[in-house]
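Chains, contacts and geometry: an overview
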Amino acid sequence: MIKARAMLGAVREYRFLGSELWVDCGDPHMRVTFLKPELVRVRIVPGGDFEEEHSWDVPLADEAFHAVEVNLQQTQHALFLNSAAFTVRIDKDTALLEMLTTDGKSFFTDASSPVWEEDRYWFTKRIENGEKYYGFGERGGRMEKQGQTMKNWATDPSEPHTAFVDPMYMAIPVYLVMSQNFAYGVYVNSTWESTFDLSKSGQLRFESLGDELDVYIAYGPQPLDVLEHLSELLGRMPMPPKWALGYHQSRWSYGNEQEVRKLVSTFREKEIPCDVIHLDIDYMDNYKVFTWDDERFPTPQRMLEDLKRKNFRVVTIIDPGVKVDPNYAVYREGMERAYFVRDARGKICSGYVWPDESVFPDFSRSEVRDWWGDWQHGLIEQGVCGIWNDMNEPTVFEKPFSLGGGRGGTLPLKAEQGAAEEVTTHAELHNLYGSQMAQASYTGMRKSKPNERAFHLTRSGFAGIQRWSASWMGDNGSCWEHLEMSMGQLINMGISGVPFVGADIGGFFGNATPELFARWIQIGSLYPFSRGHSCTGTIAQEPWQFGEEVENIAREYLSLRYRLMPYLYSVFWKASQRGYPIWRSLFLHYPEDKQTAHIDDQVLIGRYLMAAPILKPGQTARQVYLPEGTWYDWWDGYRYEGGRYILAEAPIQRMPLYVRAGAVIPMGPAMQYVDEKPLEPLSLHLFPGDKADFTLYEDDGVSLDYERGKFATTRYQLRGDDRMAEVEIFEREGNYEIPVRSLHVILRDGRHYQQKQFVDSGNARIVQFQRMIGL
Ligand code: GLC
């Protein structure tokens, strides 16, 4: 640990080792390493004592990247390390850093020297004119973050979520900057408590506990390129089981077996699509994890089998707090094996959670993760299909839950964690607790069912959480403000690397009105992770609880989600391959269009579909920004020229939804659950007017065979002009067998539909249409 104050001095000496430059700049030493031409790592530490690798490191190790060619140049004043994509300039007098694009534009430039003082360090970067800041993990407030101060410290906020709520459950020190005509992204590799401060105009300040400054900078120039590089570094989402893309229904709590059986039959009777039911804490015996309450759920295995037969999967909640109870095997075993977190004096840390006095597994140790996975095995064997980890910041109540709980805190910061050879404090690993628990649970599921994909949901997590889990935005409320807030939140989570995200549809605390629920399910049916959930003591919030009109709306929008499944699943595949978000802010695809910089009440789902939900009560029309190009109204085909605002009609049944001209959207039949029916027919909706290129991805949706190449892709290319439109269907590739099926190619040319039908056996073909513009 650093005692005195340290700062950068002049460059005294340097060594160039191929793709890495070592610089001695006074007391601190710096290492600049290009991992890819577009990705550089900069580490600076006083005394030059760089940290060893830890088992918990999130970024891919430097060695995992191929050597990159960089060259070193120097002038009288500076060292220049050039990759093919950008340059790092180190000033010889001050050792300050500047990044330069190939056409000489500065970015991520030191405003002053970093400073190390006592147990912390900070650095300041210049905010260049016109730059916009996004990402930063899970936050309240608007999408663009200048003006905000954001702490990275996984926390269950004691106050209701507002624009100022900070910190929240996730800690993800990742951000994306849109500069003049390029984008770059940053990951700061600190698991310690840290803060991004953008409150001072023209400057970003990052402060963290710890002593090694370790940052990764990814250059675009396109924003999606940045996300691709950062996700290569921090990991990508594996393909989830396809059923997890269906609708999930939750409540704290469906309290007994009868209630759950009634719930699933109501979904089917009412023909509202649904795939997953979540069981919240009351399924357990006295909140003891890995148990069932045998009065309320006397025959879990039979119930789970029956539900599975009706094509419902069940996800159970598992919290980290293990009830202190000598008669409880999980507690006893964990104690015997010394798996629970201890304080600095070696005493087990206990605290209050649902089961009152609880202890907390140290998930940073691999043997503890394995043990946890083994306990989970029982649930999976009984037929549980997914695990939902909650309270894993971890949150520890002030008082017993039976006495109201009080405010949430966490484990003592000096508590010890980590394997013997790398013991550290909770302060260093706190932000990773949720991720490591998710890792334990996810890997446990993979071990229990070696050839099945696992579905995991988490409330807390650190950068890289997408490797293990989907996540939701915690305890929002049934209010319009939170419906609106979910938009920017989910968009920024995607930018921070976490694509499979959602917020509780209808709101968790409080009671939704019919109108709020209708508006929420309209956009919620297009959330990447689509789940309705609500708190104990609130009114019932299933889709049919608000009268017939709202029920019809829920049915229509959820059915649309299921019809869009071939498109959505392919967008998920892109996320798993490239790290592209599923929910995309407009600026990701229209970076030159400055209007898009602050739009967080509209969203692109994949490249082509744009939703503009109603986020205010009583509204039956709203302003919608259509970026440059031509757009079609999804519902009535009306054609608009973009690059302007329009007023969209939005009576309660309608959420404005658009498709860009130049889109191919594969759709399937309506279904009650994912893969209820084969894609018969597969409908290819073409929206002519510009070029489009889309790849349909298909696999069995459940196994890991896709990792061994068992999947099929079909590429579609749309082109044409005012008179004709043509789609080239390339020969299907890959070795996942798809039965011969009908293919409906539908040209949605404004209000005119034309359709051609084929038998599709995966062969290449070109389909042409005469357009009828103006008719
Ligand atoms: C937490 C979760 C919430 C859950 C509740 C009871 O508040 O965020 O989703 O319903 O705990 O388990």
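Residues numbered from 1 in each chain as written. Predicted model: local features only at pLDDT ≥ 70, side-chain atom pairs only at ≥ 80, totals over all residues. Heavy atoms only, no water.

**Overview of the overall build of the protein**
For the record, the criterion: A helix here means a DSSP run of H or I that spans at least four residues, while a strand means a run of E at least two residues long, and both kinds are numbered starting from the N terminus. With the radius of gyration taken over C-alpha atoms, the globule rule is written as 2.2 Å times the number of residues to the power 0.38. Partly exposed describes any residue whose relative accessible area lies between the buried limit of under 20% and the exposed limit of over 50%, with all areas from a 1.4 Å probe on protein chains only and scaled to the type maximum. We call two residues in contact whenever any of their non-hydrogen atoms come within 4.5 Å of each other. Surface exposure here means Shrake-Rupley accessible area, sampled with a 1.4 Å probe, where a residue is shielded only by the protein chains that are shown.
Assigned secondary structure in the protein consists of 12 helices and 53 strands. In terms of overall dimensions, the protein is globule-like: its C-alpha atoms have a radius of gyration of 26 Å, near the 28 Å expected for 775 residues. If you line up the protein on its principal axes, its C-alpha atoms span 75 × 70 × 50 Å. Taken over 775 residues, the protein has a buried fraction of 64%. Considering only residue pairs separated by 6 or more positions, the protein has 67% of its internal contacts joining residues 24 or more positions apart. With the model as given, the accessible surface of the protein reaches about 28,000 Å², and the carbon-plus-sulfur share is 47%.

**What to know about the packing of aromatic side chains**
Quick reminder of the rule: Working definition: rings of Phe, Tyr and Trp (its six-membered ring) pair if their centres are within 6.5 Å, and the pair is stacked with planes under 30 degrees apart, edge-to-face with planes over 60 apart, and tilted otherwise.
Following the criterion strictly, the structure yields 62 aromatic pairs and no others. Pairing Tyr134 with Phe587 gives two aromatic rings, centres 4.0 Å apart and planes at 20°, and the pair type is stacked. Highlighted residues: Tyr134 in strand β13 (residues 132-135) and Phe587 in helix α12 (residues 586-589), separated in sequence by 453 residues. The same class applies to Tyr134 and to Phe587, which are both buried.

**Structural notes on the sheet that holds strand β21 (residues 248-249)**
We apply this condition: Strands are labelled as partners when DSSP assigns at least two bridges between them.
Taken together, eight strands build an open sheet; the order of strands is β35-β34-β32-β27-β23-β22-β21-β36 and the sheet is parallel. Looking at which strands have only one partner, the edges of the open sheet turn out to be β35 (501-502) and β36 (531-532).

**Section: the sheet that holds strand β46 (residues 682-687)**
The criterion, for reference: Axis angles are defined between N-to-C directions and span 0 to 180 degrees, where every axis is a line fitted to C-alpha atoms and, for a helix, only to the segment in contact.
In spatial order, the strands read β45-β46-β51-β52; together these four strands make up an open sheet with mixed pairing. The sheet is open, and its two borders are formed by β45 (663-667) and β52 (752-760), each paired with just one other strand. Direction aside, neighbouring strands of the sheet carry axes that sit 20° apart on average. Here strand β51 (residues 741-749) pairs with β52 via nine bridges, running antiparallel.

**What about the side chain of Arg622?**
Convention followed: Whenever two N or O atoms come within 3.5 Å, that pair is a polar contact, provided that in protein one can donate a hydrogen and the other can accept it, and provided that, for residues adjacent in sequence, both atoms are side-chain atoms.
Positionally, Arg622 belongs in strand β40 (residues 621-626). Residue class for Arg622 comes out buried when judged on its relative accessible area of 7%. Looking at Arg622, its side chain comes within polar contact range of the main-chain oxygen of Pro613, at 2.8 Å. In this view, Arg622 contacts Asp601, Gln602, Ala612, Pro613, Ile614, Ile646, Leu647, Ala648 and Pro656; residues no more than four positions away in its chain are not counted.

**Details of the environment of Pro223**
Within the secondary structure, Pro223 sits in helix α1 (residues 223-234). Residue Pro223 is classed as buried on the basis of its relative accessible area of 1%. Residues Pro223 and Met170, 53 residues apart in the sequence, show an inter-C-alpha distance of 23 Å. Setting aside its immediate chain neighbours within four residues, Pro223 contacts Leu176, Met178, Ala183, Phe587, Leu588 and Pro591.

**Observations concerning the site of the ligand**
Short version of the rule: When at least one non-hydrogen atom of a residue lies within 4 Å of a molecule or strand, that residue is treated as near it. Residues are grouped as follows: Ala, Val, Leu, Ile, Met, Phe, Trp, Tyr, Cys and Pro are nonpolar; Asp, Glu, Lys and Arg are charged; all remaining types, including Gly, are polar.
In the vicinity of the ligand, the contacting residues are Trp252, Asp280, Ile281, Ile317, Trp354, Trp388, Asp390, Arg459, Trp472, Asp475, Phe508 and His533. The side chain of Arg459 places a nitrogen or oxygen atom 2.9 Å from an oxygen atom of the ligand. At 2.5 Å, a side-chain N or O of Asp475 approaches an oxygen atom of the ligand. Contact with the protein chains removes 97% of the 310 Å² of surface that the ligand exposes when unbound. When the residues that make up the shell around the ligand are grouped by side-chain class, the tally is seven nonpolar, one polar and four charged.

**Describing a negative patch on the surface**
Formally: Only residues whose relative accessible area exceeds 30% and that take part in no salt bridge are eligible for patches, with like-charged residues grouped when within 9 Å of each other and nonpolar side chains (Val, Leu, Ile, Met, Phe, Trp, Tyr) grouped when within 5 Å. Here a salt bridge means any side-chain nitrogen of Lys or Arg lying within 4 Å of a carboxyl oxygen belonging to Asp or Glu. The convention is simple: Lys and Arg are positive, Asp and Glu are negative, and His and the chain ends are not counted. Just so you know, the charge point we use is NZ for Lys, CZ for Arg, CG for Asp and CD for Glu.
There is a patch of like negative charges on the surface, built from Asp49, Glu51, Glu52, Glu53 and Glu63. Within the fold, Glu51 resides in the loop between β5 (39-46) and β6 (71-74). Residue classification places Glu51 among the partly exposed positions, given a relative accessible area of 32%.

**Notes on the pattern of salt bridges**
Under the counting rule described, the total for this entry stands at 53 salt bridges. With its nearest N and O atoms 2.4 Å apart, the salt bridge here joins Arg5 to Glu117. Separated by 112 residues along the polypeptide, Arg5 in the segment before β1 (6-7) and Glu117 in strand β11 (residues 110-117) bring together distant segments of the chain. The class of Glu117 is partly exposed, set by a relative accessible area of 27%.

**Quick notes on the environment of Gly689**
Along the chain, Gly689 turns up in the loop between β46 and β47 (692-698). Sequence spacing of Gly689 and Asp722 is 33 residues, and the spatial spacing of their C-alpha atoms is 7.3 Å. The contact partners of Gly689, leaving out residues within four places of it in the chain, are Ala661, Gly662 and Arg771.

**Points about helix α4 (residues 329-336)**
What counts is decided by this rule: Here the arc refers to the directions that run from the helix axis out to each C-beta atom.
Residues of α4 that are buried: Val330, Tyr331 and Gly334. Looking down the long axis of α4, one finds its buried residues gathered within 100° of arc, a one-sided arrangement. Ala338 occupies a position one or two residues after α4 and carries a positive phi of about 55°.

**A look at the nonpolar core**
This is how the line gets drawn: The criterion is simple. A nonpolar core is a set of buried Ala, Val, Leu, Ile, Met, Phe, Trp, Tyr and Cys residues joined through side-chain atoms within 4.5 Å.
Membership of the largest hydrophobic core comes to 188 residues, with the highest contact counts inside it found for Tyr187, Leu279, Trp372, Trp634 and Ile665. In terms of residue count, the dominant contributor to this core is helix α11 (residues 565-578) (eight residues). In this view, Tyr187 contacts Val58, Pro59, Pro173, Val174, Asp214, Val215, Tyr216, Leu230, Leu233, Leu234, Phe462 and Ala463; residues no more than four positions away in its chain are not counted. Val88, Ala95, Val177 and Tyr219 belong to the second-largest nonpolar core, a separate cluster that totals 46 residues.

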